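Observations on chain architecture
Letter by letter, the chains look like this.
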Amino acid sequence: MNNRSFDSGSLRAYGWVPFSVQMFIALTLSGQALGQPGEKQNASTQSELTQRESAFASLQAIKADGAKTSKYLHAVDQLPEASLESDSPETPPQAKLEVFTRDVLPILMHACVDCHGADAQEGNIRVDTLDPNLLQGKDVDWWLEILAVLSNGEMPPPDASELTNKDRSKVVDWLSSAIQTASILRRATGGHTSFRRLTRYEYNYAMQDLLGLPWNFAKDLPPDAHSDDGFQNSSEMLHMSVQQLETYRQLARTSLRRATMPSTSSGKRPPVIRWGISMEEAANREWPKQTKQLDEIKKKFADDPEKQKQEIDRLQASFKTPPNGPHYRELSSGRIAPAKWAYNGAHYAFAPLENAFAASENENIAQRNKNSQQDAVGSDDALQLPESFDHVAVIPSGRRQYLTVELGDQVPSAGTMRVRVRASRVSADPLRVPSLQLQFGFQASNEGRAVVRVSDADTPINADSDAPQIYQWEFPLGEIYPRNSFRTVSKMGDLPSPSEYIRLVNSSVPQGGHGAIQIDYVEVTAPLYESWPTQSHQTLFFESKIQDDEATYAREILTAFLSKAWRRKVSSAEVDAKVELFDVMRSECESFEDTMVEALATVLSSPHFLYVITEDSEDSSLLLGHDLAMRLSLFLWSSVPDQLLLDLADSGELCDTEVLLQQVDRMLADPRSERFAKHYVHQWLDMQLLDFLAVDKNTDPLLKEAMQAEPIEFFQEMVRSDSSVLDFIHADYAMVNERLARHYGWSDVRGNQFRRINLDASKRRGGLLTQAGVLAMNSNGKDSHPLKRGVWLLRCLLNDPPPPPPPAVPEIDLADPEIAKLSLKEQIEDHRNHAACMSCHAKIDPWGIAFENYDALGQWRDRVNGKPVDAASLLFNNQELDGVDGLKRFLLKNRQDQFVRAMVHKIATYALGRPMKFTDHAKIDQVTASVRKQGDGLATTIKALVTSDLFRTK
């Protein structure tokens, strides 16, 4: 039968259309206007704006009205026994085929066989020969297809036989009941499994949570493939070869060594190195250059005193004119010098302080750090800063504005680096708050260079210039990649240069007018450890009364670690096996710690850690407590269960529904739930399309980052507020930062942090459909792409992917001048008129054409090439979609059930780590009914799924 799935490979099969469209754009649209930057309103009349506001408000009303017609509000959760026949409990149920023959078949023969009968089989389906026995028959997938097109009003087409609403309801009711019954019974007798290994990101988070370290433990693992559903955690994709198993063993060994023995071979705390750099010291490198210029002028015009004075005055005036880039300023005189930097010669490197303190002199560093840190901003007694200063470095606002502070070749390889700066904003306007970002990098030669961002988030610099504050960042040096490989090979001043640097970047929105940042002092300290031995070392090698007895202490460590890593109670035999391994390896290792690392590495490379394995139970279908804890933790935290979940699993309390709901609330409120939002949204929406999208080189790269973050921030806000999942279609609020808001044409959002703002009709936004990232990733980087946008909506949001294209489909003939001068929409419509193209494009094109008011980067446009944008189209059933507003209106009025069910289906696929099958159909319907009856909240959806039989069974 025809496979309805539409993955990235299928999308490539559509290459005949995207290629033609791209060629068309490249040849004829490269110079077109894609709408005015900032989406400023054109000369629309007040009445038009009023109409938009009315339509915007009505979308909220349509949500409520559309929900009232939901079939799920009246759904029956129990098995529809009316569709079964059974003489006794021992006799297998039988389908009531006479109901089909009497009531349903005549309707199908009248309305469908002209196109799907003996004489014609459009879509490769023949209705009159399908097996109506859904309990044992082989045509279930075709019946699901028929139910979908009848429920959505897509069939019969307008020009075919008429199907009355009464007859349509009769067929849909019979199919719904028969499918529900068959799904439940086939699930009871069929098999399915969620057995799989951890994904790359799950492995990383599991290692982070086990070892208590924020490192990237999975960076050497290959990326995971995506299933047909778009998910990376699908059981059908996650297998392992012998070679992969060895990779995991080596990763475990390396990770444990880093976690337990980051010290020198002597076991002493590594000496701490500190740089203290005043901007007076930095500027003093530049002033002699100005003195030299003045001396040259004096010498050149020594015979003409008047000319000499003019040239000196001119030059001195230029010394007080700020350049476009970063510069040093002497506050008392006002003179200015550009803050230059070059990698060769080590001319700009700062040496560490000679009195850099050693570990023995700094045993209280951890407590001092704790006392001094005030939300990363505040004063600190450890900083020996001058009380006053007369020199500052100024970093203007704008693209690529940064100050480079070169540190030389003594930056440690491991440990935490702390960077502190005393800084303020230049502007006194409280609305002009610039942001600072920290980077780490090197340049060894003209080609050998790298720079990476090491600050997690941009830091607002809100201190006034007369009261500067200290701003602080901390990051693990061992996680920076790449590092300068010449720092232990070359000497300072030689080439390739062994030096490394930090960069302080003014990351404010260039158009925001936030102004410059000024800095008077920079302190860099590394390596810092909060305790010694490190906390991760102490977690594994904890204090014990029997530490002197190696064998007993090894058993104690292994018992504790095994239960955490394997997410369950471990048997004595399992512990004995690891202790025996420890005994065998002890003579081959130099120390107790070395031996334990080898033994613990076997725990982390065991299938009990790497795989999701379910225990056997009396009821073979039910998940036991530890399996439920693991499924829940993978779902909401992408990691292994914490100790509380394991304790509740041990006691059996986790299987209680109320306790389970309490844990869902706790886990969603935990910062680790951000992992769920990040990975689920990225996979659900197929956002790898945006990751690989090449945007114009003049586009701010931080804008693309904001586009990537917006759907995730929106999802998190909906979870927090338990907003209706219908807000994905349309919402009267958005989650944006200043960079994204300015892209949308809004000037009332300030700062790089995302926040919730209310929307009105003038914004032309709301929900997922009009988010810039979603629109951009479904373009070709230069212009909109109706086909991609239509396919994406059907596949990701409605779970109704179109079939792959048929073979030998003709391309758009751009050599024909009559076709070349058509608009993009007109070309697609002309292409659709080919008989081989009609069936696919009639289903796809109208959905994508509705987005035509949004250009390649998701900005609003009214005209293209001087012509008004035409975003109106007709669905296959002649239903009109007039732009995105009409699309939202149609979905909210006619497709609420389909969308909510698609959301449940997608979240369940991710939560269970396996594709949903026909045997899950009834369970998906039951969860959907529960969600609809409770108001469609996103957090409600998660809870309804977690407490369902679907989630709590194997």
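Note that the coordinates shown come from a computational prediction; the quantities given were computed from them, not determined experimentally.

Calculation rules
Residues numbered from 1 in each chain as written. Predicted model: local features only at pLDDT ≥ 70, side-chain atom pairs only at ≥ 80, totals over all residues. Heavy atoms only, no water. Helix = DSSP H or I, 4+ residues; strand = E, 2+ residues; numbered from the N terminus. Buried < 20%, exposed > 50% of the residue type's maximum accessible area, 1.4 Å probe, protein only. Contact = heavy atoms within 4.5 Å. pLDDT = per-residue confidence, 0-100. Phe/Tyr/Trp six-rings, centres within 6.5 Å; stacked < 30°, edge-to-face > 60°. Core = buried A, V, L, I, M, F, W, Y, C linked by side-chain atoms within 4.5 Å. Domains from an automatic or database assignment. Polar contact = N/O pair within 3.5 Å; in protein donor to acceptor, adjacent residues only side chain to side chain. Axes fitted to C-alpha atoms, helices over the stretch in contact; angles between N-to-C directions. Parallel < 35°, antiparallel > 145°, perpendicular 65-115°, else oblique. Left-handed = near helix turned anticlockwise from the far one by under 90°. Nonpolar A, V, L, I, M, F, W, Y, C, P; charged D, E, K, R; others polar. Salt bridge = Lys/Arg side-chain N within 4 Å of Asp/Glu carboxyl O.

Tracing the sequence through the fold places Val-522 in strand E15 (residues 517-528). With relative accessibility at 0%, the residue Val-522 sits in the buried group. Considered as a pair, Val-522 and Ile-277 are 245 residues apart in the sequence and their alpha carbons are 5.1 Å apart. Ignoring any residue separated from it by four or fewer positions in sequence, one finds Val-522 in contact with Trp-275, Gly-276, Ile-277, Met-279, Arg-420, Val-421, Ile-502 and Leu-504.

For the rest of this paragraph, the subject is the confidence of the model for the protein chain. When pLDDT is averaged along the protein chain, the result is 84, and 83% of the positions lie at 70 or above. Scored below 50 in pLDDT, residues 357-381 makes 35 contacts in the model with residues more than four places away or belonging to other chains.

Applying the stated criterion across every chain, the model contains 32 aromatic pairs. Look at Phe-195 and Tyr-611: their rings are 5.0 Å apart centre to centre, the planes differ by 15°, and that puts the pair in the stacked class. Note that Phe-195 is positioned in the loop between helix H7 (165-189) and strand E3 (196-197) and Tyr-611 in strand E16 (residues 611-612), a separation of 416 residues in sequence. Taking the relative accessible area as the measure of exposure, Phe-195 reaches 43% and is therefore partly exposed. Ring geometry for Tyr-203 against Phe-609: centres 6.1 Å apart, planes inclined by 70°, an arrangement best described as edge-to-face. Taken as a pair, Tyr-203 in helix H8 (residues 200-211) and Phe-609 in helix H18 (residues 607-610) lie far apart in primary sequence, 406 residues in all. Judged by its relative accessible area of 0%, Phe-609 is buried.

This part takes up the nonpolar core. In this structure, Phe-635, Leu-636, Tyr-680, Trp-684, Phe-715, Phe-728 and Trp-847 are the most contacted members of the largest nonpolar core, which totals 103 residues. With nine residues, helix H32 (residues 896-912) is the largest single contributor of residues to this core. Each of two domains, domain 4 (614-670) and domain 5 (675-802 + 843-946), supplies a minimum of three residues to this core. In this view, Phe-728 contacts Trp-684, Phe-714, Phe-715, Met-718, Gly-767, Leu-768, Leu-769, Phe-899, Met-903 and Leu-938; residues no more than four positions away in its chain are not counted.

With that settled, the discussion passes to unusual backbone geometry. Residue Pro-496 is bonded to the preceding Leu-495 through a cis peptide linkage, with omega at -5°. Structurally, Pro-496 can be placed in the loop between strand E13 (469-476) and strand E14 (500-506). Cis rather than trans, the peptide bond between Trp-532 and Pro-533 has omega equal to -5°. With respect to the helices and strands, Pro-533 occurs in the loop between E15 and helix H14 (535-540). The backbone of Ala-346 shows a phi angle near 60°, a positive value even though the residue is not glycine. Note that Ala-346 resides in the loop between strand E6 (336-338) and helix H13 (365-372). Unlike most non-glycine residues, Asp-686 shows phi in positive territory, near 55°. Mapped onto the fold, Asp-686 is located in the loop between helix H22 (673-684) and helix H23 (688-691).

Turning our attention to the environment of Ala-629. Mapped onto the fold, Ala-629 is located in helix H19 (residues 625-637). Distance in space between the C-alpha atoms of Ala-629 and Leu-645 is 6.0 Å, their sequence separation being 16 residues. Ignoring any residue separated from it by four or fewer positions in sequence, one finds Ala-629 in contact with Pro-641, Leu-645, Ala-649 and Leu-654.

A word on the side chain of Asp-642. Relative to the helices and strands, Asp-642 is located in the loop between H19 and helix H20 (643-651). Side-chain polar atoms of Asp-642 contact the side chain of Arg-666, separated by 2.9 Å. Dropping the residues within four chain positions of it, Asp-642 is found in contact with Trp-637, Arg-666 and Arg-672.

For the rest of this paragraph, the subject is the packing of helix H21 (residues 657-669) against helix H34 (residues 938-946). The contact between H21 and H34 brings their axes to 10 Å, and the two run at 140°. Taken as axis vectors, H21 and H34 run oblique relative to one another. Here the hand of the crossing between H21 and H34 comes out right-handed. Of H34, the residues touching H21 (which contributes Leu-660, Leu-661, Val-664, Asp-665 and Leu-668) are Ile-942, Lys-943 and Val-946. Per-class residue counts for the contact of H21 with H34 are six nonpolar, no polar and two charged.

What follows is about the environment of Leu-528. Mapped onto the elements, Leu-528 comes out in strand E15. Through-space distance from the C-alpha of Leu-528 to that of Ile-273 is 9.2 Å; in sequence the pair is 255 residues apart.

The next point concerns the pattern of salt bridges. Applying the stated criterion to the full structure yields 44 salt bridges. The partner of Arg-335 in a salt bridge is Glu-330, with the nearest N and O atoms 2.8 Å apart. Assessed through its relative accessible area of 12%, Glu-330 is described here as buried. With its nearest N and O atoms 2.8 Å apart, the salt bridge here joins Arg-914 to Asp-920. Overall, the relative accessible area of 2% leaves Arg-914 in the buried class. When its relative accessible area of 0% is taken as the criterion, Asp-920 is described as buried.

This next bit is on the packing of H32 against H34. Where H32 contacts H34, the axes come no closer than 11 Å and their chain directions differ by 55°. The orientation of H32 relative to H34 falls into the category oblique. The handedness of the crossing between H32 and H34 comes out as right-handed. In this structure, H32 uses Met-903, Val-904, Ile-907, Ala-908 and Ala-911 to contact H34, whose residues at the interface are Leu-938, Thr-941 and Leu-945. Partitioned by chemical class, the residues of the contact of H32 with H34 number seven nonpolar, one polar and no charged.

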